[in-house]
Amino acid sequence: MSYDNRSVNVSHDAVVVKPERGNMLQSISSPRSHGSKEHPLPQDSEENRGSIGQSSTSVVDQVRSPADDAGVTSSSTICPAPVCRQFWKAGSYNDELSSKSQQPNGKNYLHVHPMFLHSNATSHKWAFGAVAELLDNAVDEIQNGATFVIVDKTTNPRDGTTALLIQDDGGGMDPQAMRNCMGFGFSDKKSDSAIGRYGNGFKTSTMRLGADVIVFSRHSKNQTLTQSIGLLSYTYLTRTGHDRIVVPILDYEFKVSAGEFKPLQDREHFISSLSILLEWSPFSTEAELLQQFDDVGPHGTKVIIYNMWLNSDAKLELDFDSVAEDILIEGSIKKTGSKIVNDHIASRFSYSLRVYLSILYLRIPETFKISLRGKVVEHHNVADDLMHPQYILYKPQAAGSEEAVVVTTIGFLKEAPKVNLHGFCVYHKNRLIMPFWQVISYSSNRGRGVVGVLEANFVEPTHNKQDFEKTVLLQKLENRLKEMTVEYWSCHCVLIGYQVNKKPRLQIPQNVQSAGRQAISPPPGFKAVFPQRNSTSLPRVSVEPVLLEKRKEHPDYVASAASKRKVGNDGFTVPGQDRVEQFIRGSGSQSQDSETVKLMEKNKKLRAKCLDHKVRSQNLEIKAMNLKSEIENAKSEYERLMGELQALGMVKGEHRRNVNA
């Protein structure tokens, strides 16, 4: 086929238009639905220039150009940085540099513009949220045998600038999985325990941290070993003025006969992708690219994010230099209040990646380690920091049906009352979504130092996993957590030295004082409300409020109080009636003490059960340690016996030789 510009027909779901020298590459994907039968591309069909991808779930254009030996080496020694290095100002895009896009006439047409990479990444307001997304992928690989994930600083060999490295030893990605990862909206995580869901986290997180990312992944299955290299470069797309997202990918397969990896793509496709990688990635030769697999092992994934974003002060948004074993957010450290507050985990997680990663997961297997800057991150459970803990059962309901059973651990921080921190750490499927969520704004001291931990799998997190979808269930959860905070504070604040705030005494008019009480003089023509002889017979009532936990008002008491008006038989206000109503309300509240006792008994039973489970867990751990010790002893004894057996064999062999001699 022929066009005004030279073109190449490709069997890898892509048609690449290569303009004359000096113009820019344009890639146009063929419209093929996921799972549908493949058909050959019509040679001269305008419809095939549309870019729909697989069921619109993965829109990735595989670039290739005619074979050109000169294209396998980089002509530039320095990989260009994006035009604007500040993330929140990098959304301006000028695609006028590209040649005129060929739009189909009256045909279905869909492609993803490079501006989407930036706008999609703005869902991450917080840089650490983007880092957590990448770690979620590694944690999801625990089921495939992953034992570690590394987060570290590395260097771009092109220009010596700082880059971010994230590497794990999970199952890795085969060529198709690599394309799904680079595409949009595709997720193959079907497990109920998997954190990832939407198939969008890799793109949003990497593009939030830097302008470019290169991925190396090795996968082994059914005695087939493959490795793939993919480049998602906002710099490349903006510099060349592309009007759609282009992702060059190289695929290799290990050939046993040759004893080495061989490219899977045809030569033209391979050379085209390689030439882009060598020009726009941190590596200038194919050998340097392949060298990155040396420490990956038989399976695993390595992600390198480079051309990292700067803040408004033209400094790297992530600070790698202030603390050797940590990564900080530049300019986010705010020292306010006392040292004990500044050093607390609730204050430091917002700017210290090590602190944030220590509480990011509610549970981490002992066989899996998170390494940050060469040092393992110690897992931290916020619930272990609580004094006087209580375990409160909550059963959220929606549409009349019970959604789940949630146990919330609530208590005072061990630093209380010296800290004014409070809130709930809410997890979803083991992943921290809202750290120290402040459900109340406390007045005076009420709620001060109260912290809770819970796992709420019945509400759905937002795409950036930093909040929950605003639903009725979430509103009910927030209201219940407010009640928990107030109830816990009212019952336990005295344990850490706080005084219960009491309502002020009611002001009693002088004309109803018990000593020298005087009758009220009615206006002329009206009878006295109380004769003088009965003025001293009004009952003495206590005006001290009864301190109880917050409960729902009972309609009977409310109706009774509402029916009593402060008007006498003759239509005048009765002195002292306020005190009588206070007495009635106090009596009604006291009648609910039995309910309080029952709730406390239930709470004690639940605490006893939790303690029993904890003891059993400790006993099981001790048994496991003993079994491990016995296994080690058995192995040692086995090795000793094998050594004796070998020595005995040698003696017997020598004896036979002596006899034969």
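Above this text sits the structure in question.
Residues numbered from 1 in each chain as written. Predicted model: local features only at pLDDT ≥ 70, side-chain atom pairs only at ≥ 80, totals over all residues. Heavy atoms only, no water.

### A closer look at the pairing of strand β15 (residues 369-372)
Definition in use: Between any two strands, pairing holds if DSSP finds at least two bridges. Secondary structure elements are taken from DSSP: a helix is a run of H or I of four residues or more, a strand is a run of E of two residues or more, and numbering for both begins at the N terminus.
Direction of pairing for strand β6 (residues 148-155) relative to β15: parallel, over a ladder of four bridges. Residue Phe148 lies in a different strand from β15, and its bridge partner there is Lys369. Bridge count for β15 against strand β16 (residues 375-376) is two bridges, and the pairing is antiparallel. The residue bridging Ser371 from the neighbouring strand is Val376, located in β16.

### Describing the sheet that holds strand β12 (residues 300-308)
Let me state the cut-off plainly: Contact definition: two residues touch when any of their heavy atoms are within 4.5 Å. Here an angle of 0 to 180 degrees is reported between the N-to-C directions of two axes, which are lines fitted to C-alpha atoms, with helices fitted over the stretch in contact.
If you walk across this open sheet you meet the nine strands as β11-β10-β9-β8-β12-β7-β6-β15-β16, and the pairing is mixed. The open sheet terminates on both sides in strands that have one partner only, identified here as β11 (260-263) and β16. Sheet topology places strand β8 (residues 210-221) next to β12; eight bridges connect them, and they run antiparallel. Looking at β12, one finds that Ser217 is bridged to Thr301. Contacts between helix α3 (residues 175-182) and the sheet are confined to β8, β9 (224-233) and β10 (249-255), with β9 contributing the most and set at about 20° to the helix. Across the sheet, helix α4 (residues 201-209) touches β7 (162-168), β8, β9 and β12, and the angle it forms with β8 is around 135°.

### Quick notes on unusual backbone geometry
To keep things clear, this is the line we draw: Exposed residues in this analysis have more than 50% of their type's maximum accessible area, buried residues have under 20%, and partly exposed residues fall in between, with area computed by a 1.4 Å probe over protein chains only.
Look at the link from Ala416 to Pro417: it is a cis peptide, with omega at 5°. Phi is positive for His388, close to 50°, though the residue is something other than glycine. Relative to the assigned elements, His388 resides in strand β17 (residues 386-394). One non-glycine residue, Phe436, lies in positive phi territory at about 50°. With respect to the element layout, Phe436 can be found in strand β22 (residues 431-437). For Phe436, a relative accessible area of 9% puts it in the buried group.

### Regarding the environment of Asn445
Assignment of secondary structure puts Asn445 in the loop between β22 and β23 (450-455). Taking the C-alpha atoms as reference points, Asn445 and Tyr498, 53 residues apart in sequence, are found 8.2 Å from one another. If we skip the residues at most four places from it in the chain, Asn445 touches Trp489 and Tyr498.

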